[in-house]
Amino acid sequence: MEEKISTRQLALKAIENIGSEPQYNEEGRIQFEYQGVIFLMETANDCDFVNLIWPWCYSFSKFDIDEFARVRQVINGINAYGIVSVFYGNTDSDDVAVHIKKNFLFIEQIPNIEDYLRMMLENFFITVRKLELEIEKIKMQECER
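Our subject in this report is the structure included herewith. (Residues numbered from 1 in each chain as written. Predicted model: local features only at pLDDT ≥ 70, side-chain atom pairs only at ≥ 80, totals over all residues. Heavy atoms only, no water.)

### A few points about the packing of helix 1 (residues 7–17) against helix 3 (residues 113–144)
How we decide: Lines fitted to C-alpha atoms define the axes, with helix axes restricted to the stretch in contact, and inter-axis angles between N-to-C directions lie between 0 and 180 degrees. A run of H or I in DSSP counts as a helix once it spans at least four residues, and a run of E counts as a strand once it spans at least two, with each numbered from the N terminus. What sets the label is the angle itself: under 35 degrees gives roughly parallel, over 145 gives roughly antiparallel, 65 to 115 gives roughly perpendicular, and the rest give oblique. Contacts are residue-level and defined by heavy atoms, with any inter-residue pair within 4.5 Å sufficient.
At their nearest, the axes of helix 1 and helix 3 sit 9 Å apart, and the two run at 80 degrees to each other. Accordingly, the angle class assigned to the pair helix 1 and helix 3 is roughly perpendicular. Residues Leu10, Ala14, Ile15 and Asn17 of helix 1 touch helix 3, and the partners they reach there are Ile113, Glu114, Leu117 and Arg118.

Here's what the structure looks like:
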């Protein structure tokens, strides 16, 4: 019987096959660059799912109350209807950082796993465009009042 490849090894191989160079960061997450963006992937050898994270996809000053209200409204809408999770958190600086995260199945039985990974990554880019576009729409509506 053929030995099963671990989720971590499968992820490392897929990341390399899409043209990225995976590395480990200090927390033990896999870090890689794709289309100029740094992504993090959390894996465990005994789990068939991975967490993919785009940290700091958007940020704003924690002192900008209006922007905080806009971002919160847009994030709630994305999370209600989107296929990824968007969340924000305070940082040590004066910024609030917005992150995107997706948990998904990652097993060797998935055909064309590199295309599958690219599709998951594309969802992050679509979400960032939606986030920025919706924030701008709200700003325009505020100017019309």
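Let's pick the thread back up.
### Here we look at the pairing of strand 6 (residues 95–105)
Using the following cut-off: The pairing criterion is simple: DSSP has to find at least two bridges between the two strands.
Pairing of strand 4 (residues 49–61) with strand 6, which is carried by 10 bridges, proceeds in the antiparallel orientation. In the sheet register, Leu52 faces strand 6, and the bridge partner there is Lys102.

### Notes on the pattern of salt bridges
To be explicit about the condition: Think of a salt bridge as a Lys or Arg side-chain nitrogen and an Asp or Glu carboxyl oxygen that are within 4 Å of each other. Relative accessible area decides the class of each residue, using a 1.4 Å probe on protein chains only: under 20% of the type maximum gives buried, over 50% gives exposed, and in between gives partly exposed.
According to the stated counting rule, one finds 10 salt bridges in the structure shown. A salt bridge links Lys139 to Glu67; its shortest N-O distance comes to 3.8 Å. Taken together, the residues Lys139 in helix 3 and Glu67 in helix 2 (residues 65–81) connect sequence positions 72 residues apart. With relative accessibility at 27%, the residue Lys139 sits in the partly exposed group. Among the residues examined, Glu67 registers a relative accessible area of 4% and is labelled buried. Glu134 serves as the salt-bridge partner of Lys137, at 3.3 Å between the closest nitrogen and oxygen. Here Lys137 pairs with Glu134, and both are found in helix 3, just three residues apart, close to one helical turn. For Lys137, a relative accessible area of 41% puts it in the partly exposed group. A cluster of three or more residues bridged by salt bridges with shared partners is formed by Glu67, Arg70, Glu136, Lys139 and Glu142.

### A few points about empty space enclosed by the protein
Condition: Grid points spaced at 1 Å over the protein atoms alone were grouped into cavities, where a 1.4 Å probe fits but cannot get out, and pockets, open sets with protein on both sides within 12 Å along at least five of seven lines, with lining residues defined by an atom within 4 Å of a point. Grid points are joined across faces, edges and corners, and a volume is the space filled by probe spheres set on the points. Residues are grouped as follows: Ala, Val, Leu, Ile, Met, Phe, Trp, Tyr, Cys and Pro are nonpolar; Asp, Glu, Lys and Arg are charged; all remaining types, including Gly, are polar.
In this structure the tally under the stated criterion is one cavity of 30 Å³ or more. If you go around the largest cavity, the residues you meet are Lys4, Ile5, Ser6, Thr7, Leu10, Asp48, Phe106, Ile107 and Glu108. Broken down by class, the residue content of the lining of the largest cavity amounts to four nonpolar, two polar and three charged.

### Comments concerning the environment of Arg72
Relative to the elements of secondary structure, Arg72 occurs in helix 2. Distance from Arg72 to Tyr88, taken between C-alpha atoms, is 8.6 Å for residues 16 residues apart in sequence.

### A look at the sheet that holds strand 2 (residues 30–34)
With respect to topology, six strands assemble into an open sheet ordered 1-2-3-4-6-5, the strand pairing being antiparallel. Every interior strand has two partners, whereas the edge strands, strand 1 (23–24) and strand 5 (85–90), have only one. The sheet contacts of helix 1 involve strand 1, strand 2, strand 3 (37–42) and strand 4, and relative to strand 2 the element is tilted by about 20 degrees.

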